[in-house]
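Survey of secondary and tertiary structure
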Amino acid sequence: MSISIKQLKAYVAVVEENSFSLAAERLNATQSGMSMLVQNLELSIGKKLINRAPGKMLLTDSGKKFYNDSLEILSLMEKAVIEAKTDTKEISGVCNCGLMPTFTRSALPSTLSKFLDEFPKVDVKVTEAYSGVLEEMVRSNKLDFAIVPSIKNTTGLKVEFISSDLNFLVTKKTSNFKHLEPIVLSKQQNIKIIVPGPDNSRRIALNEYFTTHNVNILKTLEMDGMIGTLELIASSDWCSVLPAVLCDLDLDGTIRTLSPLISPNFTTEYVLITSASKELNPISKLFSEKISKEIKIISSKMNNYLAT
C-alpha cells in the first residue's frame, strides 16, 4: 500500500471545504484531479472514506478517523521541516497573520513595533479582515494564524482561548452619558446604532443581545468599516457597541464616551486559530504569543479600571 502526502493533503482539503471544486481551488488543482486522488486513496486503503451524494458529502466512520490521523501526519511533517530549517542562532523568516480591526487599532501597533526591533530580520504580513474571512484563510493555509471571536465550526482548525472582553456603548464626547459610568442598554430610548454586516459574527452576537434583552433600537446603520464607524460616532448622534480592547485608545474620554454595558454584561471571547494540519513556524509562534499577551493585558487593564 502506497499513500502520498499529496493524497493526504487532497483528502484533508476536500473534507474541510466539503467540496471537490473548492478543494481544487484551494490547492490550485483541477476538480477531476482531486477526485482521482481521493478515489486512489480509498483504493489503497481498501475502505470507503466519503459517501458522495448530489449536493453533499458525508464522511464514513473510517473517513472521520482517517481525517484526524491525516491532520496529525501533516502537522508532524510540517514540524519536522520547520525544525530542520530553523537557524537557532538568528531568527528570520515570515509571519503571515490575520487580525480584526478590534486589534489593529490598539494591540497591534506597539506589539509589532517592539517585535520588529527585537527581530530585525523578520518580515510580518498582517491581513486585516473580519472573523469569517480570517477563519477561511487560516483553514486554507493562507494565513499562519488569526485571532477572532470564539467560533462554532472548528473543522480544520486548532483553537486556543486568549481572553474575555467587556463591551461598551460608544457615543460622542458630548452625549448625555457620563464617561465610564455603566448603563443598562434596555433602559435607553431611541438608539441609533451602527452595526457590522449580517455575515459578521459580531452582528450575530449583537442581534442576540438586543433581542434577548429588549433593547429599543430606533434606527440601524450597517457599516463594515471600523475607522468610519469611530469617526461617525465622534461627529454625530450615532453610536455603537464595541469591545474594550478596541476602545483602549478612548479611555481618556477626550473624543468619545465609553459606557460599560451591565445587567447583563456583554462579553466577547477571543481565540487564536491555526491550521490543524500545520505547525506554526518559530516566527509566527513568537508573534502570536506576543500579540495574544498584549490583548490579555489590555483586556485586564480595562476590566481592572472599571472595577476601581
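Anything mentioned here points back to the structure above.
Residues numbered from 1 in each chain as written. Predicted model: local features only at pLDDT ≥ 70, side-chain atom pairs only at ≥ 80, totals over all residues. Heavy atoms only, no water.

Looking at the overall build of the chain
- If you tally the helices and strands in the chain, you get 11 helices and 11 strands.
- Residues classed as buried in the chain amount to 46% of the 308 residues present.
- If you sum the accessible surface of the chain, you get close to 15,800 Å²; carbon and sulfur atoms cover 52% of it.
- Between the averaged position of the 35 positive side-chain charges in the chain and that of its 34 negative side-chain charges there is a distance of 2 Å. (Helix = DSSP H or I, 4+ residues; strand = E, 2+ residues; numbered from the N terminus. Buried < 20%, exposed > 50% of the residue type's maximum accessible area, 1.4 Å probe, protein only. Areas by Shrake-Rupley, 256 points an atom, 1.4 Å probe, with all protein chains shown as cover. Lys, Arg positive; Asp, Glu negative; His and termini not counted. Charge placed at Lys NZ, Arg CZ, Asp CG, Glu CD.)

Section: the layout of surface pockets
- A volume near 650 Å³ is recorded for the largest pocket.
- Lining the largest pocket are 33 residues, with Pro-149, Ser-150, Ser-201, Arg-202 and Ala-205 positioned closest to its centre.
- Breaking the lining of the largest pocket down by element, the ones donating at least two residues are helix 5 (101–104), helix 7 (131–139), strand 7 (191–195), helix 8 (201–212), helix 9 (226–235), strand 9 (240–243) and strand 11 (267–275).
- Per-element accounting of the lining of the largest pocket gives the leading share, five residues, to helix 8.
- Here the residues of the lining of the largest pocket sort into 17 nonpolar, 10 polar and six charged.
- When its volume is computed, the second largest pocket comes out at roughly 440 Å³.
- Together, 22 residues line the second largest pocket, and Glu-160, Leu-280, Lys-285, Ser-288 and Glu-289 are the ones closest to its centre.
- Of all the elements in the fold, those that place two or more residues in the lining of the second largest pocket are helix 4 (61–85), strand 6 (157–172), strand 11 and helix 11 (282–307). (1 Å grid on protein atoms, 1.4 Å probe; cavity = no way out; pocket = protein on both sides within 12 Å on 5 of 7 lines; lining within 4 Å. Points joined across faces, edges and corners; volume = space filled by probe spheres on them. Nonpolar A, V, L, I, M, F, W, Y, C, P; charged D, E, K, R; others polar.)

Quick notes on the environment of Ala-205
- Mapped onto the elements of the fold, Ala-205 is located in helix 8.
- You can call Ala-205 partly exposed: its relative accessible area is 28%.
- Along the sequence, Ala-205 and Thr-267 sit 62 residues apart, while their C-alpha atoms lie 9.6 Å from each other.

Structural notes on the packing of helix 1 (residues 5–17) against helix 3 (residues 31–45)
- The contact between helix 1 and helix 3 brings their axes to 9 Å, and the two run at 110 degrees. For the element pair helix 1 / helix 3, the angle class is roughly perpendicular. Crossing of helix 1 over helix 3 shows left-handed handedness. Touching Lys-6, Gln-7, Ala-10, Tyr-11, Ala-13 and Val-14 of helix 1 are Met-34, Leu-37, Val-38, Asn-40 and Leu-41, all from helix 3. (Axes fitted to C-alpha atoms, helices over the stretch in contact; angles between N-to-C directions. Parallel < 35°, antiparallel > 145°, perpendicular 65-115°, else oblique. Left-handed = near helix turned anticlockwise from the far one by under 90°. Contact = heavy atoms within 4.5 Å.)

Section: the nonpolar core
- Counting 47 residues, the largest nonpolar core has Ile-147 and Ile-295 as the members making the most contacts within it.
- Not counting chain neighbours up to four residues away, the residues in contact with Ile-295 comprise Phe-103, Ala-107, Ile-147, Ile-162, Ser-163, Val-245 and Tyr-270.
- Among the nonpolar cores identified, the runner-up in size contains 22 residues, and Ala-10, Met-34, Ile-50 and Tyr-67 belong to it. (Core = buried A, V, L, I, M, F, W, Y, C linked by side-chain atoms within 4.5 Å.)

With respect to unusual backbone geometry
- Ser-263 connects to Pro-264 through a cis peptide bond whose omega is 0 degrees.
- Summarising the element assignment, Pro-264 is placed in the loop between strand 10 (256–260) and strand 11.
- With a phi angle near 65 degrees, Asn-141 is a residue other than glycine that sits in the positive phi range.
- Topologically, Asn-141 is positioned in the loop between helix 7 and strand 5 (145–149).

As for the packing of aromatic side chains
- Under the counting rule described, the total for this entry stands at six aromatic pairs.
- Each ring, one from Phe-115 and one from Phe-119, has its centre 5.0 Å from the other, and the planes form 55 degrees; the classification is tilted.
- Overall, the relative accessible area of 1% leaves Phe-115 in the buried class.
- Every member of this aromatic cluster is reached through a ring pair, and the members are Phe-115, Phe-119, Phe-145 and Phe-287. (Phe/Tyr/Trp six-rings, centres within 6.5 Å; stacked < 30°, edge-to-face > 60°.)

A closer look at the pairing of strand 6
- Two elements, strand 6 and strand 11, share nine bridges in a ladder whose sense is antiparallel. Pairing of Val-159 across the sheet is with Ile-273, part of strand 11.
- Sheet topology places strand 6 next to strand 9; four bridges connect them, and they run antiparallel. Residue pairing for strand 9: Asn-167 is matched across the bridge by Pro-243.
- As judged from the five bridges shared by strand 6 and strand 10, these two strands associate in the antiparallel manner. Its bridge partner being in strand 10, Leu-169 is matched across the sheet by Ser-259. (Pairing = 2+ DSSP bridges.)

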